[in-house]
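Structural overview
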Amino acid sequence: MRGRYRILLGMAAGVGKTYRMLQEGKQAHAEGRDVVIGYLEPHDRPDTAVLAEGLEEVPRLRTEHGSLELNEMDVDAVIRRAPELALIDELAHTNAPGMRNEKRYQDIDEVLDAGIDVISTVNVQHLESLNDAIAELTDVRVRETFPDRILEEADEVVLVDLTPEALQERLRAGKVYPKERAEVALQNFFRVEKLSALRELALREVAEDVEARRQTLVLDPLSQQAVAERVLALVTPEPRSQRILRRAWRSAERLGAQLDVLWVRRPGRELSEEEQVSLAALRRLAIVLGAHFLEEEGDDLVAAVRNIVYDRGTTYVFVGTPDESRRREVLRGSLVSALVRELPGVDIRVVANRADRPERVQ
Amino acid sequence: MSGLDLALLGAVAALGFALAAALLRRRPPRRLAVPAGARRILVPFTGSLDPTVLQAAIRIARAENAVLVPAYLLIVPLRYDEDSPLSDQVKMAMPLLEAVEHAALRAGVPVDARIEKGRTATHALRRLWEVERFDRIVAPAPSDGHGGFTEKELAWLLLHAPTETLVLKPTPRELPARLHSAA
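Within each chain, residue numbers correspond to sequence positions counted from 1 in written order. Key to labels: chains lettered from A, ligands numbered from 1, both in the order written. Local features in a predicted model are, by the rule used here, given only for residues with pLDDT of at least 70; side-chain atom pairs are given and counted only at 80 or more, and totals for whole chains, interfaces and linings are based on all residues.

A few words now on the overall build of chain B. In this text, helices come from DSSP runs of H or I with a minimum length of four residues, and strands from runs of E with a minimum of two, each type numbered from the N-terminal end. Within chain B, the secondary structure is distributed over six helices and five strands. Order of helices (α) and strands (β) in chain B, N terminus to C terminus: α-β-α-β-α-β-α-β-α-β-α. Considering chain B as a whole, with its 183 residues, one finds that 31% of them fall into the buried category. Residues are scored as being in contact if the C-beta atoms we place from backbone atoms lie within 7 Å. Pairs at least 24 residues apart make up 76% of the contacts formed inside chain B by residues separated by at least 6 positions. Exposed residues have 12 or fewer other C-beta atoms within 10 Å of their own C-beta, buried residues have 20 or more, and partly exposed residues fall in between, where C-beta atoms are placed from the backbone.

Here is the structure:
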């Protein structure tokens, strides 16, 4: 079973995220849980160092990069140690070159997969979707980012809050950086107006997260099933399928739905060079759109679609304008009619070529 | 059976055949046929595509019986993984590609649209022509800061494009005020 993930989010360095993480770790340790420090960012803060005393720290992995010696979390050692709870600071950190994972949040993912609970910390400015907004607010482009899904997937996101004035006080008192560095920071990143804007972003982020969780909790499984939409676009390796996929994506966006793309290949069918190019282009487009490309093999297109629809909980199917002649339709049946018949409760949408619309008569 | 009955039966049968034949002859909407090995004209763009450039590209494609390949180039910022979905940019690209496709199909030119991504416009272009064949490239020149490739990108394009490349200058959006007053 995957471990529980708790993220302590702050507006900036110095609000007390690491301190809070250690406090929670100590509390858990006092309650009898097996707690280790997976990685503690060495901020040279005496209070933090004192608080860490008494908690076991998993030895770090030392690597050399040019003349630099770098310390990283030893993921394998944490997993081998198998504690109940690991405290891992700064999830947005970029690992040294040559490490298995590029980012620490990927390391944390492995630890969680091993069934270990994790408490981690991060500042709001590292959130990928806020990168541009943060750069505008602070004139600083943050290089170390993490995807928004990390917050969404965490079991709990807790805001570690401090007023901008209180944070400035901490800076002046040398509790965040050495005094000479603190003075420079107070003139730049840590100005009240910037901290206020960052605080607002952090508060909003956590409020949205709480709202999203509340909605998930309010809906019982049955109503969730009724509300969740999932779109399936049926494609073939030909240029017009690009249009089908684009229209399906636009509808999926409006519905807030996941998008699947399905191509059913006839067994043994060889693709022409043009078809191979079209298929590769469709796959690339699916990646750009964040859709899932599925390829099935079968003689019976409708049966293959039906299986996918029921497996994935599809509610909408997008299909191109049928190109079968009326003669073929009379003799062998229409694809759209067959889909309507075989997929009760699923909306079928036929994607037309807008250029086929008759001109409006003025 | 009398002669009249036979005549009536014959008329009904003929009517039935005529109806069936008419029904079977009806065609689905015409789809533009793309002959195998047809020429392919790439029209890459970012942000927007000037209508003058689009119309010129459509005319060229029609004259050459070619397939028009409008390609929206998505720029993936370095802070994102190259495979990240970029919904904001895609939201801009979608209606543009629909409009381009619509204009081309109305003019009787088959279309095979693309969205290609890269760290820069030239990176996306290179990725595109590494996997697909093009017989001609029509590239829009800078257009009053609204779309079009930069001078640097065009220079790169002319140097590295694997095929004949045509750079089209869009129509100026507005004549300068002093020209208006002089008129």
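Right, let's talk about the overall build of chain A for a bit. Summing up its helical and strand segments, chain A has 15 helices and 13 strands in all. Counting the 362 residues in chain A, one finds 34% classified as buried. For chain A, restricting intrachain contacts to residue pairs at least 6 apart in sequence, the fraction spanning at least 24 positions comes to 71%.

Take helix H7 (residues 164-172) of chain A next. Residue and element names in this part refer to chain A. Taken residue by residue, H7 has Pro164, Leu167, Gln168 and Leu171 as its buried positions. Down the axis of H7, the sector holding all buried residues measures 100°, keeping them to one side. Opposite its buried face, H7 presents the exposed residues Glu165 and Glu169, each directed more than 90 degrees away. Just downstream of H7 lies Gly174, where phi reads positive at about 75°. Read the arc as the range of directions from the helix axis to the C-beta atoms.

For the rest of this paragraph, the subject is the sheet that holds strand S4 (residues 136-140) of chain B. All names here are of chain B. One open sheet accounts for five strands, arranged S3-S2-S1-S4-S5; its pairing is parallel. Whereas interior strands pair on both sides, the edge strands pair on one side only; in this sheet they are strand S3 (114-118) and strand S5 (165-168). Going across the sheet, the axis of each strand differs from the next one's by a mean of 25°, ignoring polarity. Sheet topology note: the strand S1 (residues 40-45)/strand S2 (residues 67-75) ladder contains six bridges and is parallel. Of the residues in S2, the one forming a bridge with Phe45 is Tyr72. Two strands qualify as a pair provided DSSP detects at least 2 bridges between them. Axis definition: a line fitted to C-alpha atoms, over the contacting stretch in the case of helices. Angles run 0 to 180 degrees between N-to-C directions.

Residue and element names in this part refer to chain B. Counting all residues, the mean pLDDT for chain B is 81, and 78% of those residues have values of 70 or more. Helix H6 (residues 177-182) is the least confidently modelled element of chain B, averaging 36 in pLDDT, while S1 averages 95, the highest of any element. The predictor rates its confidence in each residue with pLDDT, a number between 0 and 100. Here residues 175-183 is modelled with pLDDT under 50, and outside its nearest four sequence neighbours on either side it reaches one contact, counting other chains as well. Predicted as a complex, the structure gets a pTM of 0.53 and an ipTM equal to 0.70.

All right, on to the nonpolar core then. Ala233, Leu245, Val261 and Phe318 of chain A together with Leu68 of chain B are the most contacted members of the largest nonpolar core, which has 69 residues in total. The residues contacting Phe318 of chain A, other than those within four sequence positions of it, are Val231, Leu232, Ala233, Leu234, Ile244, Arg247, Ala248, Arg349 and Val351 of chain A. Judged by nonpolar contacts, the second largest core, of 52 residues, contains Val36, Ile37, Leu40 and Ile108 of chain A. Joined through C-beta atoms within 7 Å, a set of buried Ala, Val, Leu, Ile, Met, Phe, Trp, Tyr and Cys residues constitutes a nonpolar core.

On to unusual backbone geometry. Residue and element names in this part refer to chain A. Of note in the backbone geometry, Ala82 takes a positive phi value of approximately 50° without being a glycine. By the element assignment, Ala82 lies in the loop between helix H3 (75-81) and strand S6 (85-88). Residue classification places Ala82 among the exposed positions, given that 12 C-beta atoms sit within 10 Å.

Let us look at the sheet that holds strand S10 (residues 258-265) of chain A. Residues and elements named next belong to chain A. Across the sheet, which stays open at both edges, the five strands sit in the order S11-S10-S9-S12-S13 with parallel pairing between neighbours. A strand with exactly one partner marks an edge of an open sheet, and here the two such strands are strand S11 (292-297) and strand S13 (347-351). Neighbouring strand axes in the sheet, compared pairwise and without regard to direction, differ in orientation by 25° on average. Running at roughly 155° to S10, helix H13 (residues 301-312) makes contact with strand S9 (230-234), S10, S11 and strand S12 (316-320) of the sheet.

Looking at the secondary structure, you find Ala13 of chain A in the loop between strand S1 (5-10) and helix H1 (17-30). Spatially, the C-alpha atom of Ala13 of chain A lies 9.4 Å from that of Phe190 of chain A, the residues being 177 residues apart in sequence.

The subject of this paragraph is the environment of Ile348 of chain A. All names here are of chain A. By the secondary structure assignment, Ile348 is in strand S13. For Ile348, a count of 15 C-beta atoms within 10 Å translates into the label partly exposed. Taking the C-alpha atoms as reference, Ile348 lies 7.7 Å from Val336; in sequence the two are twelve residues apart. The residues contacting Ile348, other than those within four sequence positions of it, are Val317, Val319, Val336, Leu339, Val340 and Leu343.

Time to look at the pairing of strand S8 (residues 156-160) of chain A. All names here are of chain A. Where burial is concerned, the two faces of S8 differ: the one with Val157 and Leu159 is buried and the one with Glu156, Val158 and Val160 is not. Across five bridges, S1 lies against S8 in parallel orientation. Within the sheet, the bridge partner assigned to Arg6 lies in S8 and is Glu156.

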